[in-house]
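Topology and contacts: notes
Here's the letter readout for the chains.
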Amino acid sequence: MKYLTHFRTAFLLLLISCAQILESNQCIAEEALWKAGSASVVITPEENLWMAGYGGRTEPANGKIHDLWLKVLVIEARDGHRGVIVSTDTLGIPQTIYNNTCAALKEKFNLERSQIMLNSSHTHCGPVLRGALHDIYPLKENHLKQIAKYSDQLEQKLVNAVGTAIKNLEPSTLWSGQGFTSFAVNRRNNKEAEVPKLRLAKELVGPVDHSVPILAVKDKAGKLKTIVFGYACHNTTVGIQQWCGDYAGFAQYDLEKMFPGVTAMFYIGCGADQNPIPRRTLELAKSYGSRLAHAVADTVRLPLVELDPELKTSIEIFDVKLGDVPTKEELETLAAGNPNNYRVRWGTRLLKQLNSGKPFITSYPFPVEVWRLGKKQLWITIGGEVVVDYALAMKKDYGPDTWIAGYSNDVMAYTPSVRVLKEGGYEGATSMAVYGMPAYRWHEEIEDKIVESARRQVKKVRNGK
């Protein structure tokens, strides 16, 4: 009887020990997961603001095709390090909004700039924002007040949405994949009217990036919760006077219909010299959106690569010199032109500044950011409207699965490669006036500075820093 009692006691202790081990293993398994949370908020202007993107517009918006959205995904690695991904149906986040929101996110949530990734879809059917593209349109004082008010509201919505996403954090798994769709065409190398014929003959030329990078978030039960996807192509299918996310907006709506309860977030890649061609109709915007959405859905339904719950983030903001500056004589000639022309408004403003004795800026603080998700997945973001050369070169350097986003954090101008700078044209030179820059182009140092910054930061995050 004595031995039986000892046996029962030993067996009971063994059961308790096993239960503790199982509980411990479950805790370890949960600790080994990511945490993720998302949030979405409508940012469709309530007033008929001026729309950003096309210089030929003569009046503000007059309605909407669908709502514009701001969406947030917050991810947290096993060590507690967080990353904030923000997608917006806007032409581009300007420096003032980037700086203000980063300051607010630091104060409220102790987030550093390296942990914040703001991307714009570059829809040309979104609102003009504070401090960006004001020379393009004949903006009056009341228009500027509307723009300032909306921009303030956008900043607050962004900060609030990050807070909501943080509250929604839950154990999750992260997965990467890559799809493909081919409606983007290099607009510098193919005449738009000839594209249908060239496409049929398989004679389209010029560099392109048709990859569709995908980050999928699932809960610990394996249910899909959030999809972040990218594509390198201008959102310029339509030029209507109604709010619309263009093909990227339709793609997000389509994905959220295909996967009920999922948050779909788009970011634009290095598509500054890429257009959806043919274009100019709403039907084509819907079609391209559908093609992109199905490329994402087909990839998500296949086996993806699981990412370990590790996150390293880095950012550098460095000065890039501006290039050729207009002379006083050139500005006077411009200022004497038709005031309905945006270049005349640009020249007039610069001439006034020059005559007031206030010097032009000679360089600009330029952001490049690098993240590493899991053991290997790199995500590089570059400010401005970035041409495709950067994506192709970085994929060659760091691997074909590297994600490269343009239009990130601060969209201050086009970001040409040296090749595009030397060739000139809109992306290389004349577009600087669109953004109000006091120069005709960037200095040729721009490509080396961006590439070198990315290289330093890739080395840093790969070394675990």
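Just so you know, these numbers come straight off a predicted model, no measurement behind them.

What counts and how
- Residues numbered from 1 in each chain as written.
- Predicted model: local features only at pLDDT ≥ 70, side-chain atom pairs only at ≥ 80, totals over all residues.
- Heavy atoms only, no water.
- Helix = DSSP H or I, 4+ residues; strand = E, 2+ residues; numbered from the N terminus.
- Rg over C-alpha atoms; globule rule 2.2 N^0.38 Å.
- Buried < 20%, exposed > 50% of the residue type's maximum accessible area, 1.4 Å probe, protein only.
- Disulfide = S-S within 2.5 Å.
- 1 Å grid on protein atoms, 1.4 Å probe; cavity = no way out; pocket = protein on both sides within 12 Å on 5 of 7 lines; lining within 4 Å.
- Points joined across faces, edges and corners; volume = space filled by probe spheres on them.
- Nonpolar A, V, L, I, M, F, W, Y, C, P; charged D, E, K, R; others polar.
- Phe/Tyr/Trp six-rings, centres within 6.5 Å; stacked < 30°, edge-to-face > 60°.
- Pairing = 2+ DSSP bridges.
- Axes fitted to C-alpha atoms, helices over the stretch in contact; angles between N-to-C directions.
- Contact = heavy atoms within 4.5 Å.
- Polar contact = N/O pair within 3.5 Å; in protein donor to acceptor, adjacent residues only side chain to side chain.
- pLDDT = per-residue confidence, 0-100.
- Salt bridge = Lys/Arg side-chain N within 4 Å of Asp/Glu carboxyl O.

1. A look at the overall build of the protein
- Tallying secondary structure elements over the protein gives 12 helices and 19 strands in all.
- Taken against the 2.2 N^0.38 rule, which gives 23 Å for 465 residues, the C-alpha radius of gyration of the protein at 25 Å falls within 12% of a compact globule.
- The principal-axis extents of the C-alpha atoms in the protein amount to approximately 110 × 55 × 45 Å.
- Taken across its 465 residues, the protein has 55% of its residues classed as buried.

2. Digging into the state of the cysteines
- Tallied over the entire structure, the rule returns 0 disulfides.
- Free cysteine cysteine 125: the closest other cysteine sulfur is in cysteine 244, separated by 5.5 Å.
- Cysteine 125 sits in the buried class, given a relative accessible area of 0%.

3. Notes on the layout of surface pockets
- Estimated volume of the largest pocket: approximately 620 Å³.
- Residue lining of the largest pocket: 24 residues in total, with Gly131, Arg349, Tyr435, Gly436 and Met437 positioned closest to the centre.
- When residues of the lining of the largest pocket are traced back to their parent elements, those giving at least two are α2 (95–109), α8 (342–355) and β15 (363–373).
- For the lining of the largest pocket, the element with the highest residue contribution is α8, accounting for 3 residues.
- Here the lining of the largest pocket is built from residues that sort into 14 nonpolar, 6 polar and 4 charged.
- In this structure, the second largest pocket encloses a volume near 310 Å³.
- If you go around the second largest pocket, you meet 21 residues; those closest to its centre are Gly53, His124, Arg187, Tyr414 and Tyr426.

4. Side note on the packing of aromatic side chains
- Within the structure shown, the criterion is met by 14 aromatic pairs.
- Seen in terms of ring centroids, tyrosine 267 and tryptophan 379 are 5.2 Å apart; in terms of plane orientation they differ by 45°. Their pairing is tilted. With tyrosine 267 in strand β11 (residues 263–268) and tryptophan 379 in strand β16 (residues 377–382), this residue pair connects regions lying 112 residues apart in the sequence.
- What makes tyrosine 267 buried here is its relative accessible area of 5%.
- Residue classification places tryptophan 379 among the buried positions, given a relative accessible area of 1%.

5. Concerning the pairing of β15
- Most of β15 is tucked away, with 9 of its 11 residues classed as buried.
- Of the strand pairs in this sheet, strand β14 (residues 311–321) and β15 are connected by 11 bridges, and their pairing is antiparallel. Among the inter-strand pairings, isoleucine 317 is bridged to a residue of β15, identified as proline 367.
- Pairing of β15 with β16 involves 6 bridges; the strand directions are antiparallel. Paired with leucine 373 across the bridge in β16 is glutamine 377.
- Here β15 folds back onto β16, and the loop between the two strands holds 3 residues, one of which, glycine 374, carries a positive phi near 70°.

6. Some thoughts on empty space enclosed by the protein
- In the structure shown here, the tally under the stated rule is 4 cavities of 30 Å³ or more.
- Taken as a whole, the largest cavity holds about 90 Å³ of empty space.
- Taken together, 14 residues make up the lining of the largest cavity; nearest its centre are Asp209, Ser211, Pro213, Lys395 and Ile404.
- Elements represented by at least two residues in the lining of the largest cavity include exactly β9 (211–219), β10 (224–231) and β18 (403–405).
- Among the residues making up the lining of the largest cavity, the classes are represented as 7 nonpolar, 5 polar and 2 charged.
- Approximately 70 Å³ is the volume found for the second largest cavity.

7. Observations concerning the sheet that holds β15
- Across the sheet, which stays open at both edges, the 4 strands sit in the order β14-β15-β16-β18 with mixed pairing between neighbours. Each of the sheet's edge strands pairs with one partner strand only, and the pair in question is β14 and β18. Averaged over all pairs of adjacent strands, the angle between their axes in this sheet comes to 15°, without regard to strand direction.
- This element, helix α12 (residues 445–462), spans β14, β15 and β16 of the sheet and lies at about 160° to β14.

8. Details of the environment of leucine 224
- By the element assignment, leucine 224 lies in strand β10.
- Residues leucine 224 and isoleucine 65, spaced 159 residues apart in sequence, show a C-alpha to C-alpha distance of 28 Å.
- Beyond its immediate stretch of four places on either side in the chain, leucine 224 contacts Ala216, Val217, Lys218, Phe259, Val262 and Val300.

9. Remarks on the side chain of asparagine 235
- Relative to the assigned elements, asparagine 235 resides in the loop between β10 and α5 (246–258).
- A distance of 3.4 Å separates the side chain of asparagine 235 from the backbone nitrogen of tyrosine 247, its partner in a polar contact.
- What asparagine 235 contacts, discounting residues up to four positions off in sequence, is Ser121, His122, Thr123, His124, Gly245, Asp246, Tyr247, Ala248, Phe266 and Ile268.

10. Observations concerning the confidence of the model for the protein
- Of the residues in the protein, 93% reach a pLDDT of 70 or more, and the chain-wide mean stands at 93.
- Across residues 1–7, confidence stays below pLDDT 50; counting only partners more than four residues off in sequence or on other chains, it has 0 contacts.
- Within the model, the stretch residues 10–29 combines pLDDT values under 50 with 0 contacts to residues more than four positions away or in other chains.

11. Considerations on the pattern of salt bridges
- Counted by the stated rule, this structure contains 21 salt bridges.
- Here glutamate 427 ties to arginine 187 by a salt bridge, and the two come within 2.7 Å at their closest N and O atoms. One end of the pair, glutamate 427, is in helix α11 (residues 425–428); the other, arginine 187, is in the loop between β8 (184–186) and α4 (195–200), with 240 residues separating them in the sequence.
- Note on glutamate 427: relative accessible area 5%, which makes it buried.
- In this structure, the salt-bridge partner of glutamate 310 is arginine 372, at a minimum N-O distance of 2.7 Å. Here the residue glutamate 310 occupies a position in the loop between β13 (305–307) and β14, and arginine 372 occupies one in strand β15, the gap between them amounting to 62 residues. As far as burial versus exposure is concerned, glutamate 310 and arginine 372 are alike and both buried.

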